[in-house]
Amino acid sequence: MTMLTKSTPNQKRRGLTAVFMSAPALLGLLLFVAVPFLLAVALGFTNLRLGSPLPLEWLGFEQYRRIFADPSFSRALLNNLLFAFTVVPLQTVLALLLALLLNRSLGGIAFFRTLFFMPVVFPLSLVAVVWVLIFAPGPNGMMNSFLELVSFGAWTPRDFLHDPQLALPAIMLTSIWQGTGFQMVIILAGLQAIPAELYEAAAIDGARRWRQFWHVTLPQLRNTLIFVVLVTTILAFRLFDQVQIMTQGGPHDATTTVMFEAVQAAFARQQVARGAAMTVVLFLVVLLISWLQRRVARQEREVL
Amino acid sequence: MSRSAGVPLFYLSLLLLGLLFISPIGFMLAGSLKPDARVLVEAGDWRVFWPAGLSLDNYLDVFARVDFVRYLLNSLFINGMIVGVGLLVNSLAGYAFARLQWRGRELLFGLVLAVMIIPLEAIAVPLFYMVSLAGWRDTYLVQILPFIANAFSIYLFYTYFIGMPRELEEAARIDGAGPLRTFFTIIVPNAKPVFASVAILTFLTQWGAFLWPLMVTSSEAVRPLPLAIATFHSLPPLQWGDIFAFGVMMVAPILVVFLLFQRWFVRGVVATGIKG
Amino acid sequence: MWRYLLSGLIAFLAACSEQPAEQKATVSPLKVWAHAGQAAERHVLEQQVARFNAAQPDIMVELTFIPERSYNAQVQAAAVAGELPDVLEFDGPFLYNYVWQGHLVPMGELLSAQTQDELLPSITKQGRYLGNLYGVGTFDSGLGLYARRSALEVTGLRIPTGPEDAWSGSEFVAVLEAIAQHDPDGMVLDLKLNYTGEWFTYAFSPLLQSAGGDLIDRSDYQSAADVLNGPQSMAAMQALQHWFTGGYVDPNVDDVAFVSGRVALSWAGHWEYPRYAEVLVDDLALLPLPDLGQGSRTGQGSWVWGVTDRCQDQQAAARFLEFLLQPEEVLAMAAANGAVPATSRAIERSPLYGAKGPLRLFSQQLQSGFSVPRPQTPAYPVITSAFQQVFADIRNAGDVQAALDKAVAVIDQDIRDNKGYPQHTERW
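Owing to the predicted nature of the structure, the values given are computational and were not obtained by experimental measurement. (Residues numbered from 1 in each chain as written. Chains lettered and ligands numbered in written order. Predicted model: local features only at pLDDT ≥ 70, side-chain atom pairs only at ≥ 80, totals over all residues.)

**Focus on the overall build of chain B**
Step number 1: Across its full length, chain B holds 14 helices and zero strands.
Step number 2: Counting from the amino terminus, chain B carries its helices and strands in the arrangement α-α-α-α-α-α-α-α-α-α-α-α-α-α.
Step number 3: For 276 residues, the compact-globule estimate of 2.2 N^0.38 gives 19 Å, and the C-alpha radius of gyration of chain B, at 23 Å, exceeds that figure by more than 25%.
Step number 4: Its C-alpha atoms put chain B at 70 × 70 × 30 Å along the principal axes. (Helix = DSSP H or I, 4+ residues; strand = E, 2+ residues; numbered from the N terminus. Rg over C-alpha atoms; globule rule 2.2 N^0.38 Å.)

**A short note on the sheet that holds strand 9 (residues 189-190) of chain C**
All names here are of chain C.
Step number 1: If you walk across this open sheet you meet the five strands as 10-9-11-8-12, and the pairing is mixed. Every interior strand has two partners, whereas the edge strands, strand 10 (249-250) and strand 12 (284-287), have only one.
Step number 2: Sheet topology note: the strand 8 (residues 143-148)/strand 12 ladder contains four bridges and is antiparallel. Looking at the pairing, Arg148 lines up with Leu284 of strand 12. (Pairing = 2+ DSSP bridges.)

**Observations regarding the packing of helix 9 (residues 199-210) of chain C against helix 10 (residues 231-245) of chain C**
When two helices pack together, their arrangement is given by the angle between the helix axes and the distance between those axes.
Residue and element names in this part refer to chain C.
Step number 1: It is at 8 Å that the axes of helix 9 and helix 10 come closest, and there the two elements cross at 130 degrees. Judged on the interaxial angle alone, helix 10 and helix 9 are oblique. As helix 9 packs across helix 10, the resulting crossing turns out to be right-handed. Facing helix 9, whose interface residues are Phe204, Leu207, Leu208 and Ser210, helix 10 presents Ser233, Ala236 and Leu240.
Step number 2: Residues of the contact of helix 9 with helix 10, tallied by class, amount to five nonpolar, two polar and no charged. (Axes fitted to C-alpha atoms, helices over the stretch in contact; angles between N-to-C directions. Parallel < 35°, antiparallel > 145°, perpendicular 65-115°, else oblique. Left-handed = near helix turned anticlockwise from the far one by under 90°. Contact = placed C-beta atoms within 7 Å. Nonpolar A, V, L, I, M, F, W, Y, C, P; charged D, E, K, R; others polar.)

**Some words on the interface of chain A and chain C**
Step number 1: Contact residues are listed per partner, giving 20 residues for chain A and 21 residues for chain C.
Step number 2: Here the residues of the side of chain A that touches chain C are counted per class, giving eight nonpolar, nine polar and three charged.

**With respect to the environment of B:Val112**
Step number 1: Following the sequence through the fold, B:Val112 ends up in helix 5 (residues 105-115).
Step number 2: As a C-alpha pair, B:Val112 and B:Gly6 span 106 residues in sequence and 49 Å in three-dimensional space.
Step number 3: In this structure B:Val112 touches A:Leu29, B:Ala151 and B:Ile154, once residues within four positions along its chain are discounted.

**Description of the nonpolar core**
Step number 1: Counting residues in each nonpolar core, the largest one holds 298 residues, and the members touching the most others are C:Val188, C:Ala407 and C:Ile411.
Step number 2: If one sorts the elements of this core by residue count, helix 4 (residues 68-99) of chain B sits on top with 13 residues.
Step number 3: Split by domain, this core shows at least three residues from each of two domains, domain 1 (3-54) and domain 2 (61-275) of chain B.
Step number 4: Apart from the residues lying within four places of it in its own chain, the contact partners of C:Val188 are C:Leu176, C:Ile179, C:Ala180, C:Asp183, C:Tyr248, C:Val263, C:Ala264 and C:Leu265. (Core = buried A, V, L, I, M, F, W, Y, C linked by C-beta atoms within 7 Å. Buried ≥ 20, exposed ≤ 12 C-beta atoms within 10 Å, placed from the backbone. Domains from an automatic or database assignment.)

**Focus on the domain arrangement of chain B**
Many analyses report the size of an interface as the accessible area lost when the parts associate.
Residue and element names in this part refer to chain B.
Step number 1: Assigned domains of chain B: these are domain 1 (3-54) and domain 2 (61-275).
Step number 2: Across the contact, nine residues belong to domain 1 and eight residues belong to domain 2.
Step number 3: Tallying contributions element by element places helix 1 (residues 3-32) first for the side of domain 1 that touches domain 2, with four residues.
Step number 4: A per-class count over the side of domain 1 that touches domain 2 returns five nonpolar, two polar and two charged.

**Quick word on the environment of A:Ile134**
Step number 1: With respect to the secondary-structure elements, A:Ile134 resides in helix 5 (residues 124-134).
Step number 2: What makes A:Ile134 buried here is the crowd of 22 C-beta atoms within 10 Å.
Step number 3: Each C-alpha atom of the pair A:Ile134 and A:Phe146 lies 9.9 Å from the other, and the pair is twelve residues apart in sequence.
Step number 4: Apart from residues lying up to four places away in sequence, A:Ile134 is in contact with A:Met142, A:Met143, B:Pro24 and B:Phe27.

**Quick word on unusual backbone geometry**
Step number 1: The phi dihedral of A:Asp253 is positive, around 65 degrees, even though this residue is not glycine.
Step number 2: Structurally, A:Asp253 can be placed in the loop between helix 10 (241-246) and helix 11 (258-268).
Step number 3: Positive phi values are uncommon outside glycine, yet C:Tyr221 reaches one of about 55 degrees.
Step number 4: On the basis of neighbour counts, which here come to 19 C-beta atoms within 10 Å, the residue C:Tyr221 falls in the partly exposed class.

**Brief notes about the sheet that holds strand 1 (residues 29-35) of chain C**
All names here are of chain C.
Step number 1: Strand order in the open sheet formed by five strands is 2-1-3-13-4, and the pairing between neighbours is mixed. Where the open sheet ends on each side, the last strands, each with one partner, are strand 2 (60-66) and strand 4 (104-105).
Step number 2: Bridging between strand 1 and strand 2 involves seven bridges; their strand directions are parallel. Within strand 2, the position partnered with Lys31 by the bridge is Glu62.
Step number 3: Helix 2 (residues 39-55) rests against strand 1 and strand 2 of the sheet, and its axis sits at about 165 degrees to strand 2.
Step number 4: Contacting strand 1, strand 2 and strand 3 (87-91), helix 3 (residues 71-80) runs over the sheet at an angle of about 145 degrees to strand 3.

**Notes on the pairing of strand 11 (residues 265-269) of chain C**
All names here are of chain C.
Step number 1: Burial runs high along strand 11: five of the five residues are buried.
Step number 2: By the alternation rule, side chains of strand 11 split into Leu265, Trp267 and Gly269 and Ser266 and Ala268, which are all buried.
Step number 3: Bridging between strand 8 and strand 11 involves five bridges; their strand directions are antiparallel. Counterpart to Ala147 in the pairing with strand 11 is Leu265.
Step number 4: Here strand 9 runs beside strand 11; their pairing, made up of two bridges, is parallel. Residue pairing for strand 11: Asp190 is matched across the bridge by Ser266.

**So, the confidence of the model for chain A**
Step number 1: On average, residues of chain A score 86 in pLDDT, and 94% of them are at 70 or above.
Step number 2: Per-residue pLDDT stays below 50 along residues 1-5 of chain A; that stretch engages in two contacts with residues further than four places along the chain or on separate chains. (pLDDT = per-residue confidence, 0-100.)

**Focus on the interface of chain B and chain A**
Step number 1: Counting from both sides, the interface comprises 65 residues of chain B and, opposite them, 73 residues of chain A.
Step number 2: For the side of chain B that touches chain A, the secondary structure elements donating two or more residues are helix 1, helix 4, helix 5, helix 6 (120-133), helix 8 (151-162), helix 10 (179-190), helix 11 (192-207) and helix 14 (240-272) of chain B.
Step number 3: With ten residues, the top contributor of residues to the side of chain B that touches chain A is helix 14 of chain B.
Step number 4: A class-by-class count of the residues in the side of chain B that touches chain A yields 51 nonpolar, ten polar and four charged.

**Some words on the packing of helix 3 (residues 71-102) of chain A against helix 9 (residues 209-237) of chain A**
Residue and element names in this part refer to chain A.
Step number 1: At their nearest, the axes of helix 3 and helix 9 sit 9 Å apart, and the two run at 145 degrees to each other. Crossing handedness for the pair helix 3 and helix 9: right-handed. Here Asn80, Phe83, Ala84, Val87, Val88, Gln91 and Thr92 of helix 3 come into contact with helix 9, specifically with Leu225, Val228, Val229, Thr232, Thr233, Ala236 and Phe237.

This is the structure in structure tokens:
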């Protein structure tokens, strides 16, 4: 910051104003996010069971030892990773393709944009209920009959949500359907921010379309894409609603997630301490991943 | 590829893709307009999208089974407050982080970014104990206050303000305006898009809130819409027509909000999202 | 425009929340929470409360309906916050947990001896804990096999007439096989797989007991080892899995498997009777669940009323419950939800459950000890959660022994963690 050299009374007053301006938000975050989270960290070291009349006991790392010994929890972590590494790239590519398709000024294009954005406005709990019906087993299920139609009858009906191979992909598809529109809008905005001169310059150079895409569009979209990937990754690790409604974590933990295991422990079994320990692990994992992503992004920036 | 052949082909493929994309919504919409018994029976062929025996019975059912208007007003009020007060509080903080110099700024901003990662489910139980001790259960307040300060919103405002040209503010400053006056007279009028984006995003994420209201409320007087759907979605045999009708009515307000602010929303995203 | 809308909204909401203040009469209200249930049920309870309030000047009941999805979580939340009502309705098997947490008071002294004598044995059994009565229902549930009689007659196999001569496990499989031969997709049995949560423990843990196993060792409720994963439970769950692997079970996502004629047998509760009877009329038969060796066993238990520790005037609470347990009121509720009336006097007068009634089997099962209460221990939430997981694993062709072993580990761990759920009587 160039204009600052030393502190004057005027600047001191401005500093006070800054504190005053940020205080309500910071206080809110402190009270309603940071303090409860620190409490959750503390609870993870105890034996707290919701409503239990037994005295609270300090268990050290016992809850952590247990959850890492629990194969369901390891499976949950693995599923979260699988989900993130499948959904994030697929959804981003799909959103990018859609945004490229829709980034033109043709009549009716706004209609199509709204069309692809529509699923985003549906609350996940409602989306999941509808997709349970879509994935209904038997030839009368919507997805089954659709696949039968496009495969000219070669598809034999499956019970998607109870099939260990298909349950997680089914949840992925649901999530991609719901989330793509949001990414699309953001990428679309990014596309529109690219100065037209860059394309003109490239056109003069005789660059073909996909070279234009490679050398102009993609580098210009870099920050947008990083943002989109970061947000989608965080959301992927929070995956819960779809699992709760569509599969309850089954079959055989094929779709369980850390958040599902945590809510299951804390609410269905009232084992609050165990649930708290799980969410702390989740926090650390997401922190690590965001940190890695930021590092990778920064390195690329230096290379470029 | 010649342009004359390309455009119709382009529309056709877009239309096919679009239809595929909204087919689940079509399924829901058609289902909400036909008798419960036919919703699933007809799911295996084209009739799934055809509202056979077009009737509004399911919608009337929704009104008969729950006090829909009451739930809707609760939801609108709660979300309106979260969005409205949240815009003020978070934009002020975003501005303080983006433009003002003060001690502890860097550290606090780092903490705000870290807090962004924590999902509500992770803190629901301790937070619940806290608000219970405070005696806030079963009120509007307990559904609003914890969600006003929002790290993600602060971050979006921050990135937008950082990208704004400084000249306007400098001029105001020379005229003797303090940061608060500068913010309200110069920044806010020039930052409508980011306000629209944050408003829509906050609205979208809060509208479907289920877990928290379930834990902290018990009377119909303050419960939001997503809890009303529990009335339809718990006792078999499930009446899918009613559930779909409820869904359509629940989504309609968000769609209206989105359509109203769409233009600003896209512009706001241009200036925030791309800063990464 | 937004400003006007918002201020209008605030004014409206303020007006709404002020209303109850006007009603503040001289009597302090008796707060009652009930599950939202079906519309008819809600309606009857509202009428009952109105009748009760009108019939006497001293007590003013204030009724709140809570949706039954996540009901327990909501009760726990209110309890932690110290905001339980005076009278609480809850799902029967959660009673022991609530007592352990100190939220319920004993009602043995509160309700008259006559009222208690008339209750169904199943209700007193499920409501009794540590020698005292903590919960009473105004109805109980019935669970059995609904069947399309004509489909059974085609097979020429024996049709049971009462709980004493239920099909054996192998007979049941023979029946499934025989009906499947006349069925286009071979799926002939509806187990209500479209339901979620508690249903699976309620409906399928009786199979364990029918085979001589159980969810937990009921002598001291300290361990499930060698009981839930013992050979008898193992046999029962293998039988269950066999129905799945044989392809007999319809997934029933749409919940019309039975009424649409897709299946001939439906494993379901009393609440399905009106719908089934309407479609099948005379072709509907009600049969006991199969006997896996130790006699046919069935589920029991439903919503019950308890008086909480927050209640200032326990006599008033008792008067309200006595009112709900009068034969006319019991019958009014039973007529609305179709459940088994909770008292012997009401059953005699019930057209459905009386001596010649079509659902006689249900009342007979409850009165003659064919029904098994769910385990009477505060560990129940964990037990049911573990058993639901077992059922899911069995359905998805998992290894039965592994599933049962895992459930035992989860249950025993929880009991150890809670020091065997000791009773803290000093709280009283």
